[in-house]
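Here is how the chains run, residue by residue.
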Protein chains: 2
Amino acid sequence: MSDPLADAISAADRKFRGDAARARATFTSESRLGAGFRSDVSLRGHALTVDEPHGIGGGDAGPTPVELVLAALGTCQEITYRAFATALSIPLAGVAVTVEGDIDFRGFFAIDEAIRPGFERMRVSVKLTSTADDQALQRLVDIVNRHCPVLDMLTTPVPVTTTMSRVAG
Amino acid sequence: MSDPLADAISAADRKFRGDAARARATFTSESRLGAGFRSDVSLRGHALTVDEPHGIGGGDAGPTPVELVLAALGTCQEITYRAFATALSIPLAGVAVTVEGDIDFRGFFAIDEAIRPGFERMRVSVKLTSTADDQALQRLVDIVNRHCPVLDMLTTPVPVTTTMSRVAG
């Protein structure tokens with residue numbers, strides 16, 4: 001019986017293996033600040049609203065940027081689990097992930113320059129529903145953690161360039 | 001005339017400066033994989049749907065995890081610009097940010113272990129609408145880039161621990 005997801009992964013793998021140029025892509029986010037801390041984002045036509053909670057002057061119209069980082073890591077783990085379980089034929093009926101991040105706002109508020117503004121540490125708790133044996137499951141964990149794109153970006157620095165320009169009001 | 005945002009920032013600053021314990025917080029993301037690559041996320045009650053595009057087996061019900069990273073960085077830059085412009089009384093009428101990330105899928109697909117699975121580089125383009133002089137604007141750029149939480153997390157490694165447990169189906 002054919003598994004559409006396995007077929008799609010296998011087809012993408014063949015495409016990228018055969019032609020490196022087709023494996024390269026650029027993703028874009030466009031956003032604009034509205035009133036207060038609210039920002040409206042467009043991602044390939046998917047809309048997203050980001051805001052800060054009421055306590056620090058926001059309108060709480062959506063999650064904060066650092067919460068998006070937690071969501072990015074949790075969902076990236078889940079998708080990477082499904083992709084590799086499918087590719088390796090390891091049974092996996094379900095994946096649920098909780099991600100926590102500890103922050104000290106004295107970093108962002110420039111109260112203490114020795115405190116980083118981002119999360120000081122993050123904890124990922126993965127719950128797998130599977131009939132695979134322990135060895136297969138541990139093999140899956142290891143390969144997922146080596147290939148999860150968001151985990152990679154949080155643990156190995158990404159070269160980021162920033163440019164600023166002034167525009168007319 | 002009182003600026004509610006300036007008042008909120010100033011009140012938070014006083015609170016965190018006066019009591020380090022109140023400056024520390026933990027944020028949480030809870031998510032669960034559904035059919036295919038779709039995941040439904042809860043962030044303090046804010047709901048978010050993440051998915052992969054059709055091309056690699058997804059249903060395109062929402063942005064991908066790596067697109068969330070772009071959105072997190074773009075909106076974090078915007079919010080940090082507004083916060084510091086307000087705190088420093090630098091006029092800032094608008095902020096719009098475009099973030100691009102270059103990826104080579106041969107990393108995620110484990111075709112070439114020398115290629116990282118995450119973005120190989122990211123570009124942030126910030127457009128500011130301001131009547132401030134060039135020197136004040138450059139001062140703002142510098143302080144924002146030193147205190148933007150998401151920029152920090154992408155450029156300085158975050159300690160991440162992952163734990164896996166098996167749950168009943």
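The rules we used
- Residues numbered from 1 in each chain as written.
- Chains lettered and ligands numbered in written order.
- Predicted model: local features only at pLDDT ≥ 70, side-chain atom pairs only at ≥ 80, totals over all residues.
- Heavy atoms only, no water.
- Pairing = 2+ DSSP bridges.
- Helix = DSSP H or I, 4+ residues; strand = E, 2+ residues; numbered from the N terminus.
- Axes fitted to C-alpha atoms, helices over the stretch in contact; angles between N-to-C directions.
- Contact = heavy atoms within 4.5 Å.
- Phe/Tyr/Trp six-rings, centres within 6.5 Å; stacked < 30°, edge-to-face > 60°.
- Buried < 20%, exposed > 50% of the residue type's maximum accessible area, 1.4 Å probe, protein only.
- Least-squares fit on C-alpha atoms with pLDDT ≥ 70 in both.
- Parallel < 35°, antiparallel > 145°, perpendicular 65-115°, else oblique.
- Left-handed = near helix turned anticlockwise from the far one by under 90°.
- Nonpolar A, V, L, I, M, F, W, Y, C, P; charged D, E, K, R; others polar.

Engineer: Residue-level account of the sheet that holds strand β3 (residues 46-50) of chain B, with values.
Structural biologist: Sheet strands line up and pair through hydrogen bonds in the backbone, either parallel or antiparallel. Ordered by their spatial adjacency, six strands build an open sheet running β3(B)-β2(B)-β1(B)-β4(A)-β5(A)-β6(B), and the pairing between neighbours is mixed. The open sheet has two edge strands with one neighbour each: β3 and β6 (160-166) of chain B. Across the sheet, the axes of successive neighbouring strands diverge by a mean angle of 20°, strand direction being ignored. When strand β1 (residues 24-33) of chain B meets strand β2 (residues 39-43) of chain B, the two strands line up antiparallel, connected through four bridges. In the strand pairing of β2 of chain B, Leu-33 of chain B is matched with Ser-39 of chain B. Seen against the sheet, helix α4 (residues 134-147) of chain A touches β5 (121-129) of chain A together with β6 of chain B and runs at an angle of roughly 155° to β6 of chain B.

Engineer: With reference to specific residues and values, describe the packing of aromatic side chains.
Structural biologist: The final tally for this structure, using the stated rule, is ten aromatic pairs over all chains. Centre to centre, the rings of Phe-105 of chain A and Phe-27 of chain B are 6.3 Å apart; their planes meet at 90°, and the pair counts as edge-to-face. Of this pair, Phe-105 of chain A sits in the loop between β4 (94-104) and β5 while Phe-27 of chain B is found in strand β1, placing the two residues in two different chains. Each member of the pair, Phe-105 of chain A as well as Phe-27 of chain B, carries the same accessibility label: buried. When the centroid spacing of 5.5 Å and the interplanar angle of 80° are considered together, the rings of Phe-108 of chain B and Phe-109 of chain B count as edge-to-face. Judged by relative accessible area, which is 13%, Phe-108 of chain B ranks as buried. Three or more aromatic residues joined by ring pairs form one cluster here, namely Phe-16, Phe-27 and Phe-84 of chain A together with Phe-105, Phe-108 and Phe-109 of chain B.

Engineer: Can you break down the relation of the copies chain A and chain B residue by residue, with the values?
Structural biologist: Laying chain A over chain B is done by rotating through 180° and shifting 0.0 Å along the axis; what remains is an RMSD of 0.0 Å. Put plainly, the chains are arranged around a two-fold axis. The overlap is high: 100% of the interface residues of chain A also sit at the interface in chain B, so the same surface is used on both sides.

Engineer: Tell me about the packing of helix α3 (residues 65-87) of chain A against α4 of chain A, residues and numbers included.
Structural biologist: Residue and element names in this part refer to chain A. Closest axis-to-axis distance for the α3/α4 pair is 9 Å, and the angle between their directions is 125°. On the basis of the axis angle, α3 is oblique to α4. Crossing of α3 against α4: the hand is right-handed. Contacts between α3 and α4 pair Gln-77, Thr-80, Tyr-81, Phe-84 and Ala-85 from the former with Leu-140, Val-141, Ile-143, Val-144, Asn-145 and His-147 from the latter. Tallied by class, the residues present in the contact of α3 with α4 amount to seven nonpolar, four polar and no charged.

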